[in-house]
Amino acid sequence: MTLALTPLHPLFAAEAGGVDLKKPLDAHAIGQIEAAMDRYALLVFRDQPLDQDEQVALARQFGPLDAGLRKATGAATRFAYEELIDISNLALDGSVASRDNAKLIGVLANQLWHSDSSFQNLPVKYSMLSAVAVPAEGGDTEWCDLRAAYDALPEATRRIVEGRTARHSAFHSRMLLGDDRYTDGQMQRFPPVERPLVGVHPGSKRKLLFVGVHCDRVSGMSVPEGRLLIAELLEHATRREFVYRHTWRPGDYVIWDNRSTLHRGRRYDLSMRRDLRRTTTLERHAAPAAVD
Ligand code: OGA
Ligand code: MN
């Protein structure tokens, strides 16, 4: 197999073809996809509709899977696998969820710039999203390249961020949206995590600026000073020239690297059906935490 790559943006993101994702991938194919991921950070595969079994089997070839925040909320799932993360506006019975359904807070929080599970003390690597149903209008997803963002950082700002860490908290984005229905037990299940603001992407060896909406503090700064810095860095990292915007078609399968990109969903009419299903992989050596 030869992976065919067509760039989708001047800095990162490519459309990938020449592979059938329903079939088990051999080591050579996995190596090609991982090498392309190191270069492009985001790959779009078109016309690859997958059922639940196929989606989970595909993702497992890239590393152990993590179930994300559901480990704290324990919310029921409409899927046969706990590692399938529901990025839809659908209720358990598959109908469009009513506006007061608690799961919609997750849909809305996904519309803030973030890296999946950066609030977990786990080596999160790729997320993979499979589109089953999409609204006729709205509901695009955007990604930005944190390596390009670092490269363009003014020297004075580099000096401020170098050597500092940001604190990533699981519930910060939800609290920003006014959702504070979390018990002490749920919050303790996800203690905040410190991560360097400047990292190095292992595959491309490029430096990157690691921010996102999960950040609520910066080391060595007061809370307000830290939050202002995070807002400034996020504004910088998400300048339009660093952003690729994807308009979904059913059957799209998108893989992105959570270590070198941020993403956000865009608004759509919540009464329209949008059914996307995600898996998130960890570095190969990691052992995933189970859903309680
Ligand atoms: C995700 C996510 C955004 C969207 O799947 O992790 O943030 O557009 N999705 O649904
Ligand atoms: Mn996400």
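The present account deals with the structure reproduced in this document. (Residues numbered from 1 in each chain as written. Chains lettered and ligands numbered in written order. Predicted model: local features only at pLDDT ≥ 70, side-chain atom pairs only at ≥ 80, totals over all residues. Heavy atoms only, no water.)

Attention now moves to the site of ligand 1. Residues in close proximity to ligand 1 include Ile87, Asn110, His114, Asp116, Leu129, Asp140, Thr141, Trp256, His263, Gly265, Arg274 and Arg278, which together make up its full environment. Here an oxygen atom of ligand 1 sits 3.1 Å away from a polar atom, N or O, in the side chain of Asp116. The separation between an oxygen atom of ligand 1 and a polar side-chain atom of Arg278 is 2.6 Å. Contact with the protein chains removes 99% of the 290 Å² of surface that ligand 1 exposes when unbound. Applying the majority rule of atoms within 2 Å of the grid points places ligand 1 in the largest cavity. Here the shell around ligand 1 is built from residues that sort into 3 nonpolar, 5 polar and 4 charged. (Near = heavy atom within 4 Å. Polar contact = N/O pair within 3.5 Å; in protein donor to acceptor, adjacent residues only side chain to side chain. Areas by Shrake-Rupley, 256 points an atom, 1.4 Å probe, with all protein chains shown as cover. 1 Å grid on protein atoms, 1.4 Å probe; cavity = no way out; pocket = protein on both sides within 12 Å on 5 of 7 lines; lining within 4 Å. Sits in = over half its atoms within 2 Å of the grid points. Nonpolar A, V, L, I, M, F, W, Y, C, P; charged D, E, K, R; others polar.)

Bringing the packing of aromatic side chains into the picture now. Two aromatic rings are characterised by how far apart their centres lie and by the angle between their planes. One pass over the full model with this rule turns up 7 aromatic pairs. Feature note: the residues Trp143, Tyr244, Trp248 and Trp256 constitute an aromatic cluster, connected by ring pairs. Above the plane of the ring of Tyr40 lies Arg39, whose end atom (NZ or CZ) is 4.3 Å from the centre. Across the ring face of Phe190, the terminal group of Arg189 is positioned such that the distance to the ring centre comes to 5.7 Å. (Phe/Tyr/Trp six-rings, centres within 6.5 Å; stacked < 30°, edge-to-face > 60°. Lys NZ or Arg CZ within 6 Å of the ring centre and 35° of its normal.)

The next point concerns the pairing of strand β2 (residues 14-17). Judged by which residues are buried, β2 turns out to be one-sided: Ala14 and Ala16 face inward and are buried, whereas Glu15 and Gly17, on the alternate face, are not. Here strand β1 (residues 4-7) runs beside β2; their pairing, made up of 4 bridges, is antiparallel. Within β2, the position partnered with Ala4 by the bridge is Gly17. Relative to strand β3 (residues 42-45), β2 runs parallel, the two sharing 2 bridges. Among the inter-strand pairings, Ala14 is bridged to a residue of β3, identified as Leu43. One crossover worth recording links β2 to the parallel β3 by way of helix α1 (residues 27-40), and it is right-handed. (Buried < 20%, exposed > 50% of the residue type's maximum accessible area, 1.4 Å probe, protein only. Helix = DSSP H or I, 4+ residues; strand = E, 2+ residues; numbered from the N terminus. Pairing = 2+ DSSP bridges. Right-handed = clockwise from strand over helix to strand, strands pointing away.)

Spatially, the 3 strands line up as an open sheet ordered β13-β7-β15, and their pairing is antiparallel. With one partner strand each, in any of the chains shown, β13 (243-246) and β15 (261-265) form the two edges of the open sheet. Pairs of neighbouring strands in the sheet enclose a mean axial angle of 20°, with direction left out of account. (Axes fitted to C-alpha atoms, helices over the stretch in contact; angles between N-to-C directions.)

Moving on, we get to empty space enclosed by the protein. Considering all chains together, one arrives at 1 cavity of 30 Å³ or more under this definition. For the largest cavity, the calculated volume is near 170 Å³. Forming the boundary of the largest cavity are 18 residues, of which Ile87, Asn110, Thr141, Gly265 and Arg274 lie nearest the centre. Sorting the residues of the lining of the largest cavity by element identifies β5 (85-88), β15 and β16 (275-282) as the ones contributing at least two each. For the lining of the largest cavity, the element with the most residues is β15, which contributes 3 residues. Residue composition of the lining of the largest cavity, by class: 6 nonpolar, 7 polar and 5 charged. (Points joined across faces, edges and corners; volume = space filled by probe spheres on them.)

Considering only enclosed or pocket space, the largest pocket measures out at about 910 Å³ in volume. In terms of lining residues, the largest pocket is bounded by 39 residues, among which Leu69, Thr73, Lys103, Gly106 and Arg174 are the most central. Put simply, the parts of the chain that give the lining of the largest pocket at least two residues each are α3 (70-73), β5, α4 (104-109) and α7 (172-176). For the lining of the largest pocket, the class distribution of residues is 17 nonpolar, 12 polar and 10 charged. As a volume, the second largest pocket reaches approximately 300 Å³. Looking at the second largest pocket, it is lined by 19 residues, and the ones nearest its centre are Val124, Arg195, Leu208, Phe210 and Arg259. Sorting the residues of the lining of the second largest pocket by element identifies β9 (193-196) and β10 (198-200) as the ones contributing at least two each. Sort the elements by how many residues they give to the lining of the second largest pocket and β10 lands first, with 3 residues. Here the lining of the second largest pocket is composed, by residue class, of 9 nonpolar, 6 polar and 4 charged.

Attention now goes to the pattern of salt bridges. A side chain with one charge can pair with a side chain of the opposite charge if their charged atoms come near. One pass over the full model with this rule turns up 24 salt bridges. The shortest N-O distance in the salt bridge between Glu142 and Arg245 comes to 3.0 Å. Taken together, the positions of Glu142 in strand β7 (residues 141-145) and Arg245 in strand β13 put the pair 103 residues apart, joining distant regions of the chain. Notably, a salt bridge pairs Arg239 with Glu241, separated by 2.6 Å at the nearest N-O pair. The exposure class assigned to Arg239 is partly exposed, which follows from its relative accessible area of 35%. What makes Glu241 partly exposed here is its relative accessible area of 41%. One network of salt bridges, with partners in common, ties together Asp140, Glu142, Arg240, Arg245, Arg264 and Arg266. (Salt bridge = Lys/Arg side-chain N within 4 Å of Asp/Glu carboxyl O.)

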